[in-house]
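Each chain is listed here by its residues.
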Amino acid sequence: MKKLRQIGMLLLVVSMSSILLTSFVNAASPPQPTYGVATVDGDISEWDLVNDFFVNMTRAGRPDKPLEANVSLRMDCINYVLYVLVLTQPEVPGILSPADAWAAINVISNKTYHGDSVDDGVPPDFAWVGVGYDGNSSHVQGYEASFPLDCPNSYNIKIHIEVFDDSAWQTAATLDFIPLLLICPTVIPEVPIGSVIAVTSMMVALVVYFEIRSRSRFRLPEV
Ligand SMILES: [Ca+2]
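Right, let's walk through the structure included here. Fair warning: this is a prediction, and the values are worked out from it, not measured in the lab. (Residues numbered from 1 in each chain as written. Predicted model: local features only at pLDDT ≥ 70, side-chain atom pairs only at ≥ 80, totals over all residues. Heavy atoms only, no water.)

All right, on to unusual backbone geometry then. Each neighbour pair has its own omega, and for proline 123 with proline 124 the value is 10 degrees, a cis peptide bond. Within the fold, proline 124 resides in the loop between strand 7 (111–114) and strand 8 (125–129). In this structure, proline 152 follows cysteine 151 across a cis peptide bond, with omega equal to 5 degrees. The residue proline 152 is located in the loop between strand 10 (142–148) and strand 11 (153–165) in this model. Positive phi, close to 55 degrees, is recorded for tyrosine 80, a residue that is not glycine. Tracing the backbone through its elements, the reader meets tyrosine 80 in the loop between strand 3 (67–76) and strand 4 (81–88). A relative accessible area of 37% places tyrosine 80 in the partly exposed class. Of note, serine 167 is a non-glycine position whose phi angle comes to about 65 degrees, a positive value. With respect to the helices and strands, serine 167 occurs in the loop between strand 11 and strand 12 (168–173). Note on serine 167: relative accessible area 68%, which makes it exposed. (Helix = DSSP H or I, 4+ residues; strand = E, 2+ residues; numbered from the N terminus. Buried < 20%, exposed > 50% of the residue type's maximum accessible area, 1.4 Å probe, protein only.)

Structure below.
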């Protein structure tokens, strides 16, 4: 009986770990991004703007300056590609300035993409989002981009776009270089969360049953 209860508890722990791991890969938890893929095409419909959100971008990348934009990230652990979505604040147009749309890894000279990167499906890719959305053909709502990045590894990343705010061009950037940790689990669970919860509930019920049965003066039916 004791061994059976130990097995039950072990299965319970495994099930709970599965739930935690599933949650872990389904939402960004800086310095980790969401683990998944995206398509660099200027259409942001595949992005989850809540769970993929990674960090804010402020004027000149300074914490005491206005919020201008934000970054979402997804890491493709199969093909080792990092996907980037930059969106400006609703009242702040981005500027269609290819030289000012970039990310750098570890040092400013190590640019990984820019606004002229060819969108051919081979990273680095780049696509503007919402070109001319407000009637001005030089304005954008942001961009999508991708670039190759080894995993597992840790980096520092800086992401940039130019915006028009307070009647002038402004730099919008992350707070200098910020940590980026890529773990890339070897096996990404694809078990539906409902199935994991059902298995966990069943194991909890079994553990409770055998615990009650072991302590009861009355004889419960065998299972
Ligand atoms: Ca897209």
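To continue, consider the state of the cysteines. Counted under the stated rule, the structure contains two disulfides. Two residues, cysteine 77 and cysteine 184, share a disulfide whose sulfurs are 2.3 Å apart. With the S-S dihedral at roughly -85 degrees, the linkage between cysteine 77 and cysteine 184 falls on the left-handed side. Of this pair, cysteine 77 sits in the loop between strand 3 and strand 4 while cysteine 184 sits in the loop between strand 13 (178–182) and helix 2 (193–215), and the two are 107 residues apart along the sequence. One exposure class covers both cysteine 77 and cysteine 184, and it is buried. Covalently, cysteine 151 is tied to cysteine 184 through a disulfide, its sulfur atoms 2.3 Å apart. Judged by the torsion about the S-S bond (130 degrees), the cysteine 151/cysteine 184 disulfide is right-handed. Taken together, the residues span a long stretch of sequence, with cysteine 151 in the loop between strand 10 and strand 11 and cysteine 184 in the loop between strand 13 and helix 2 at a distance of 33 residues. Neither cysteine 151 nor cysteine 184 differs from the other in exposure class; each is buried. (Disulfide = S-S within 2.5 Å.)

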